[in-house]
Structure formats: structure tokens, C-alpha cells
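So you can see what is in the structure, the chains are spelled out below.
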Amino acid sequence: MIPHLDTALAKPFADLEARILASSTEVERWFRGWWTEHTPPFYASVDLRNSGFKLAPVDTNLFPGGFNNLNPQFLPLAVQATMAAIEKICPEARNLLLIPESHTRNTFYLKNVAQLSTIMRQAGLNVRIGTLIPEVTAPTEIAVPDHAPLLLEPLVRHGGRLGLADFDPCTILLNNDLSGGIPDILRDLHEQYVLPPLHAGWHVRRKSNHFALYETVVNDFAKLLAIDPWLVNPYFARCSEVDFKGRTGEECLVSGVESVLERVRAKYLEYGIKEQPYVVVKADAGTYGMGIMMAKSPDDVRALNRDARKKMAVVKEGLAVNDVIIQEGVHTHESIDNAVAEPVVYMIDRFVIGGFYRVHTGRGKDENLNAPGMHFQPLAFDDCCILPDHFANPDATPNRFYTYGVVARLALLAASLELEAAADAPR
């Protein structure tokens, strides 16, 4: 199924879909050229927003946590992509240690861990789950609805190697975004592959770095298709040394909001778009929909009350927010059963393996959907994102999802450049 695209402003996006479909051979060749020079992250998910006049990524997660929401029909794609990734990294791999987040009470996340374990096993790996939870000092079963229990085991360090009491893996797969930093037990490992690398964690990553590199990728892609890069690229600005509680750095926020809004207004005028521009102010590092606010004018930043400042001041792990990205807001005009929706595309290695829709009945087209009350449409992508139908209309289901897969892969390319830069940076 494909959600209803509820907008009369779909012509620029329809033109983009048609251009990508007509140039799919050149597009795939272009991607292949980039991947000969750059290594994709092991896995990633990309949140997209489709306004009907532009399609853009708004977040790229290198530790995706929603594998349970993917269409089971496309499990073979995930398994095959995993095999390709492992063969490049460690062809003789047998044992894989999966280290998840410490969300033992989040049943949805536990289902994700269970599905991720299934994918790895189907790819020919012996999978065990090690935990960073200090209270787990012996193998502990955790119940998972509609799945067999997960067995969490305490990590054991042997010199430069990490494993379990009776398990020595050659590969360690992190499904933990390291927001709180690198635990000592993960430091200075030797002769083991850690996927993604430690510098992919939010203790290092910055969204502003990612979107700066995304702009580099998109400008090259736009030349290939002869399109306006803005159609797939959200404008942004960055502010550092912000203290929401102490109300310092406010002028940077005000000027950043006004700067991005001015650029967006100019584009809306160019394309005859009557929507009201807005920006999303969010923590430059972190995930889980925390540390996010919307602004339609600089006054919205000046007028923050105490509760709003408190919400913006900290993110996951209670970490203080000092750096923020001010990102162009992209309206979502897709809806499922009259609820706003946004697509999320999942990838392993350089391959799209499926996706789903994040849906929120209590939010609007210009609001953050990654918030309490959201739900997912696990079977949203009845057709995967890799096979366009050149005999169908550009907005036909496989072609719409193919376009989503193309834009998501642009973000994946940016992430590969981001990880290369982080690997070379002194720390």
C-alpha cells in the first residue's frame, strides 16, 4: 500500500520522481561509482519527509532499532545484504556478539533485537547477546512478546578481545548508539571487527557534520539529474555553546532560525509554495526524538518558557545539550487513515532492505512524529525500494518507494563520508 499524498503542491515532486525513474540506469551507475571509493556503514535507517514539493532526509541513524517493523516478506533481502557485508569484512566469520541498548523494559526494542539476531543467524553466524547492564552478572532470560526469550549474558574481557565466558567472537555488532560515551570494556580491542566503528556513536557524531556532507553528495547528484539540489536537501545552520537553562547562546539561535527561514522563504516564493516555513531546532547529537522543538519565527525561540527550556536542555542518558542544529522543516503530506505519516528506509551495507511508515494520530504535518503516541505500519512497503517499474506512472507504488530508496542512499553516502572523516580525526 501507499499512503495518500494529501497536497495540491505535488508537481515539483512528481517531476523529481519522473526524472529519477527516467534516469534510473544512470543513477545506479552513479551510486556504484561512489561505492567503489567509499565504504558504507554496516547498517542505517533514514527518516524521510515528503511534502509533495520536496523529499528530504531529516535524520540518519547508524544504530537502527526498528528491524521488527520491517515487512517479513523482505527478510531474504536483509539476509543477503548481511552476507555481502560480512564477506567483505571478515569472510571467515563464524561467531558474532550482539551488544544492544539497555532497554530491557522496552518490548518494541527487544523485538528489534530478536529480529536482528534472526537476520544474523540466517546469514550463517552464531549469535550471542552480550549486555552492558552492570546488574546482569549471569546469563539472564528476558521475555519478548511473540518471540522466544532473549538470553542476555555478561561481557567478559580477555586482554584485547571481548566476548562471553565461553564465546570468542570475531565480529562485534553494536546496536547501542554510545550516547553516554565508550564504555571502558569496548576500548582498545584487537583482532576483532566492531560494527559500526566506535566513532559512529553519538559521543562523536554531529548531525550538522552529516548534513554538510550530505549537501556535498546531493550537489553532485543534482548535476547528474539536472535538478535543484534543494528538492532533496534541507537547509540548516548550527549553534554551539547554547545553554537553555542559563539562557546563553540565545542570539545565535535567533539569528540561525531567521537565516534558515529566509532561505526557505526564497525557495517557497520561487516554486509558488503557500505553506508557512518552519524550522526544527534539535540537539546536534542524539536520537529518540528528544531535545526537539519547532519554530516558525525567531520569536518562538525568544519566548521559550521554563518547561520548554527544560525539555531542550537534556537528551538521552541525561546528557546536556550545548550544540544544536537548526534544520529546515519539511512538511509531511502523507497520511494513513487520516493520520500524518513519514517513511523510514532501512539499509544494510549499500542495499535497501525495506522500510515502514512512522504514524502519529496526534501530530500535524509540521510537527515531529518521533514522539510518544507514534506507531508503525509494519507492512507499509508492500513493494521494496529497489525495483522501479518503467511501464508504470512515476508515482506508482514501486516507483514512489524507489525514489525513497534513492534519497535514503544519498544519506547513506553522506554517512560513509562522515565515518571516514571521524576515523581520521584526532581524539
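The shown structure was predicted, so the numbers you read here are calculated from the model rather than taken from an experiment.

(A) Focus on the overall build of the protein. In terms of helices and strands, the protein carries 9 helices and 19 strands. Burial analysis of the protein (427 residues in total) assigns 57% to the buried set. In the protein, the share of contacts with a sequence separation of at least 24, taken over all contacts with a separation of at least 6, comes to 71%. As displayed, the protein has an accessible area near 18,100 Å², and 51% of this comes from carbon and sulfur atoms.

(B) Expanded view of unusual backbone geometry. Between Leu-195 and the following residue, Pro-196, the backbone shows a cis peptide bond with an omega angle of -20°. Along the chain, the position of Pro-196 falls in the loop between strand S11 (193-195) and helix H5 (207-225). Although it is not a glycine, Asp-188 sits at a positive phi angle of roughly 55°. Inspection of the secondary structure assignment puts Asp-188 in the loop between strand S10 (171-175) and S11.

(C) Highlighting the sheet that holds strand S12 (residues 236-239). In space, the 4 strands of this open sheet follow the order S12-S15-S13-S14, with antiparallel pairing throughout. Looking at which strands have only one partner, the edges of the open sheet turn out to be S12 and strand S14 (292-295). Each strand of the sheet is rotated relative to its neighbour by a mean of 20°, with strand direction disregarded. Looking at chain direction, S12 and strand S15 (residues 324-328) are connected through 4 bridges and run antiparallel. Residue pairing across strands places Ala-237 opposite Ile-326, the latter belonging to S15. Of the strands in this sheet, S12, strand S13 (279-283), S14 and S15 touch helix H6 (residues 250-271), which is tilted by about 20° from S15.

(D) Up close: the state of the cysteines. Tallied over the full model, the rule gives 1 disulfide. The disulfide that involves Cys-239 links it to Cys-252, with 2.2 Å between the sulfurs. Note on the Cys-239 and Cys-252 pair: the S-S dihedral is about -100°, so by sign convention the disulfide is left-handed. Taken together, the residues Cys-239 in strand S12 and Cys-252 in helix H6 connect sequence positions 13 residues apart. Residue classification places Cys-239 among the buried residues on the basis of a relative accessible area of 2%. The thiol of Cys-90 is not disulfide-bonded; the next cysteine sulfur, from Cys-170, is found 3.8 Å away.

(E) Spotlight on the packing of aromatic side chains. All told, the structure shown has 14 aromatic pairs when counted by the stated rule. Look at Phe-53 and Tyr-268: their rings are 5.4 Å apart centre to centre, the planes differ by 80°, and that puts the pair in the edge-to-face class. Of this pair, Phe-53 sits in the loop between strand S2 (43-50) and strand S3 (55-61) while Tyr-268 sits in helix H6, and the two are 215 residues apart along the sequence. For the pair shown, Phe-53 and Tyr-268 are each scored as buried. One aromatic cluster is present, built from ring pairs that chain together Phe-42, Tyr-43, Phe-67, Tyr-346 and Phe-356. Lying over the aromatic face of Phe-31, Arg-409 brings its terminal NZ or CZ to 4.4 Å of the ring centre.

(F) Structural context of the pairing of strand S7 (residues 150-154). The element S7 is largely enclosed, with a buried count of 4 among its 5 residues. In this structure, strand S5 (residues 126-131) lies alongside S7, joined through 3 bridges in parallel fashion. When the bridges of S7 are listed, Thr-131 appears paired with Pro-154. Two elements, strand S6 (residues 140-142) and S7, share 3 bridges in a ladder whose sense is antiparallel.

(G) Structural view of the side chain of Ser-179. Assignment of secondary structure puts Ser-179 in the loop between S10 and S11. Its relative accessible area of 8% is what places Ser-179 among the buried residues. Polar contacts involving the side chain of Ser-179 include one to the side chain of Asp-177, which spans 2.7 Å.

Each value, and the rule that gives it
- Residues numbered from 1 in each chain as written.
- Predicted model: local features only at pLDDT ≥ 70, side-chain atom pairs only at ≥ 80, totals over all residues.
- Heavy atoms only, no water.
- Helix = DSSP H or I, 4+ residues; strand = E, 2+ residues; numbered from the N terminus.
- Buried < 20%, exposed > 50% of the residue type's maximum accessible area, 1.4 Å probe, protein only.
- Contact = heavy atoms within 4.5 Å.
- Areas by Shrake-Rupley, 256 points an atom, 1.4 Å probe, with all protein chains shown as cover.
- Pairing = 2+ DSSP bridges.
- Axes fitted to C-alpha atoms, helices over the stretch in contact; angles between N-to-C directions.
- Disulfide = S-S within 2.5 Å.
- Phe/Tyr/Trp six-rings, centres within 6.5 Å; stacked < 30°, edge-to-face > 60°.
- Lys NZ or Arg CZ within 6 Å of the ring centre and 35° of its normal.
- Polar contact = N/O pair within 3.5 Å; in protein donor to acceptor, adjacent residues only side chain to side chain.

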